[in-house]
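# Fold and contact review
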Amino acid sequence: MSLSSFLDTLRSQRYSLLPTNSSPSSPDLLKTSSSTKKRLFQATAIGLVLLVITGYTLRSGGKNGVQKQVVDPYDQYTDPNFHSGYQSGEPLSPPEVDVGSEEPPTSSSGKSSTSNQIDTTSWGLTEEMGWRPPKVGLKDLGEVAESRYRLGFEAGEEGTREYYQRLYDFALALPMPLHSPLLSSLFYHSPPHYDAVVPSYPLSSGTRRPPTSMISYKYIHQTDKEFNLDNDLTKIWTEMNKPDGWELNFLDDNQAHEWMLKHFRKSDVSWAWDYMHRGVLKADFLRYLLPLIMGGVYSDVDTQPIRPIEQWGHNSVEYLDLSSTDGQAWKSKLSTNPAVIVGVDVDVHAYEGWENGWPRALGICQWTLSSSPSHPIFLDAVRRVVNATRVVETWENWRSAEIEKLLGEGREADAQELQNQHRDMAMNVMEWTGPGLFTDSVLSFLLARYNVTWHRLRGLNHPLRIGDVLILPITGFSPGGQPDFGAEGPDSVQANVLHNFRGSWKGDGARKK
C-alpha cells in the first residue's frame, strides 16, 4: 500500500478529524418567506435610521513592570460560590425597523462601551432566510474551498446530533471532576429546535449555572519557554486591562506541563500532550485547554493589544436573526455579553492560488481567542487535537511495520526513504493543532447549533453576533496584512490586537521522530 493510499484510508477511520467525505454541504438557501418580504418592503419604505458613530479611545499602557502571576483555576470547580453569580440575559426589544439585509450596519447605537445593554440596531438575515454575500469582490471559490473544511458531519438534524454525541462521549472520557461543567454546558448549548440532542445533565443540587459571558473570567493567558520580564507587549496587556480587573496568567513550559497534569492526568489529553514532539504543538494545545477550563483570553506573547478587552467588538455589531433555530422569542434569551469572541484571520476574496498558502479560505484566528469555560467550541478543539494525534500515532506504527517488511524483502533503499519521512508527512502543524483545526471547531459549532456556514462570515467589516458567539471581522485581530482579505489598518475602530509574528515556533528545536 502506498503512503498516500494509507493516509486516505486512515483519515476515514474513527480517530480521524479528516474524514474524506466530510465536506459539509451548505444548508439550502430558502426563498424569503412572505412575512420576511413584507418586513423588507416596510424597511425599504421607511428607510434606514441614521446612526451616530461612537469612537472609543485607547487606554494607554502603564510603565510598571509585569509581575508573573500563576493562578490556580481548579478552585472554580470546588468553590461552592462558583455557580452563584449567574444572571440571565436581559430581554431585548425588537428594533423599530427591520434592517435585516445584506448591507452591513453603519454604526452603533451611541451607547458607551461600558453599558450593560445590548445594541439592537441591526438584525441580520441567516442563509436560510435568504441572505446573500455582500458585493465586495467575493469570488465563488468553488469546491476547492468547500473541500478544505473538515467538520465531519452534514448540515441538518442528523449531523447536529452526531456533533453533540461526539462531544458528549469525549467529555465522559475526561477526568471525573470535569464531567459536571462540560456535560451541563453541552446541555445548555444544545439547540432547542431538536429534542433531546444530549441527555439532560443539570448542575449539582444547590448550584446555579455559572456566568456565560467571557468577560466574567478575567484571565489573560500567555505561554512561552520562560517568563520574559522585559517583554513590553505583555506589560501593555496587563496595564491596559488592569483597571477592569484582568490579571495575567503566564505559564512557562514546566508550569504548563504541571497544569495539564493537574486537570487531565491519565486521560487522552495527557497522552496526546506527551506524544507531541514539538513545542508549537503543545503551545497550540494549551491555548484551547486554558479557555476550556478557566475561561478568559489567550494571546501570544508577540501580540500587542490596541484597545482593552472589554471594548472588543462594540462597534456596528450585527445580530444574526435566530428565529429559525431558537424560535420567535430568541431575542429575550440572548445574553448581554458573548461567551466566545474570536476573529477572522483569513478571508479570501479572489486571491489566485490561495490554497497553497492558507489551510482554509475563511479562517479563524488562533493567536488571540477567548471564551467562557466549558464551551463546546473549545471542547471540540481539544477532541480534534487528540484525534489528530491518534492519526499520527497510527501512521507511525504503520511506518515501522512497513520498514520492517521492506528490509525483510531486501529493499534497503525504500526502507531508508520511508525512515526519513517524519510525523509532518502524516499531519502538518496547521491541521494537527493549528488554525485549520481551530477554524473547523468554530465552524462546526456554528453549523450544528445555528445552521450557519463559513459563507456567512465572508467579507465582514463589522462584528457579527451569532447567539453566544461574537465573530470579529478580519481587522479585529489581523489589521493590515494581505490586501485581498480586505482588512483595515491598526488605526481602525474595529482593530483590537496587532500580531507581530515572532514565529519562534519555526526554530523551536523540533525533534524528528
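Quick look at the structure, then. Predicted, not measured: the structure shown is a model, and the values here were computed from it. (Residues numbered from 1 in each chain as written. Predicted model: local features only at pLDDT ≥ 70, side-chain atom pairs only at ≥ 80, totals over all residues. Heavy atoms only, no water.)

## Observations concerning the packing of aromatic side chains
Per the stated rule, a full pass over the model turns up 17 aromatic pairs. Between the aromatic rings of Tyr 351 and Trp 358, the centroid separation amounts to 5.5 Å while the plane-to-plane angle is 85 degrees, which identifies the pairing as edge-to-face. Judged by relative accessible area, Tyr 351 falls into the partly exposed class, the value being 32%. Owing to a relative accessible area of 23%, Trp 358 belongs among the partly exposed residues under this scheme. Grouped by ring-pair contacts, the aromatic residues Trp 123, Tyr 319 and Trp 330 constitute a single cluster. Over the ring of Trp 271 we find Arg 390; its NZ or CZ atom is 3.7 Å from the centre of that ring. (Phe/Tyr/Trp six-rings, centres within 6.5 Å; stacked < 30°, edge-to-face > 60°. Buried < 20%, exposed > 50% of the residue type's maximum accessible area, 1.4 Å probe, protein only. Lys NZ or Arg CZ within 6 Å of the ring centre and 35° of its normal.)

## Here's the deal with the packing of helix 9 (residues 268-275) against helix 13 (residues 376-408)
Helix-helix packing: each pair is described by the crossing angle between the helix axes and the interaxial distance. Running from amino to carboxyl end, helix 9 crosses helix 13 at an angle of 55 degrees, the nearest separation of the two axes being 10 Å. By the criterion of interaxial angle, the relationship of helix 9 to helix 13 is oblique. The crossing of helix 9 and helix 13 is left-handed. Note on element contacts: helix 13 touches helix 9 through Val 382, Val 386, Thr 389, Arg 390, Val 392, Glu 393 and Glu 396, opposite Asp 268, Val 269, Trp 271, Ala 272 and Tyr 275. Per-class residue counts for the contact of helix 9 with helix 13 are seven nonpolar, one polar and four charged. (Axes fitted to C-alpha atoms, helices over the stretch in contact; angles between N-to-C directions. Helix = DSSP H or I, 4+ residues; strand = E, 2+ residues; numbered from the N terminus. Parallel < 35°, antiparallel > 145°, perpendicular 65-115°, else oblique. Left-handed = near helix turned anticlockwise from the far one by under 90°. Contact = heavy atoms within 4.5 Å. Nonpolar A, V, L, I, M, F, W, Y, C, P; charged D, E, K, R; others polar.)

## Examining the side chain of Asp 300
Note on placement: Asp 300 falls in the loop between strand 4 (296-299) and strand 5 (303-305). With near-sequence residues (within four places) excluded, Asp 300 lies in contact with Gln 222, Arg 287, Trp 367 and His 499.

## Observations concerning the pairing of strand 7 (residues 340-347)
A large share of strand 7 lies buried, amounting to eight of its eight residues. Across four bridges, the pairing between strand 7 and strand 11 (residues 469-472) is parallel. Counted as the bridge partner of Ile 341 is Leu 470 from strand 11. Bridging between strand 7 and strand 8 (residues 362-364) involves three bridges; their strand directions are antiparallel. (Pairing = 2+ DSSP bridges.)

None of the figures reported here should be taken as evidence of function without further support.
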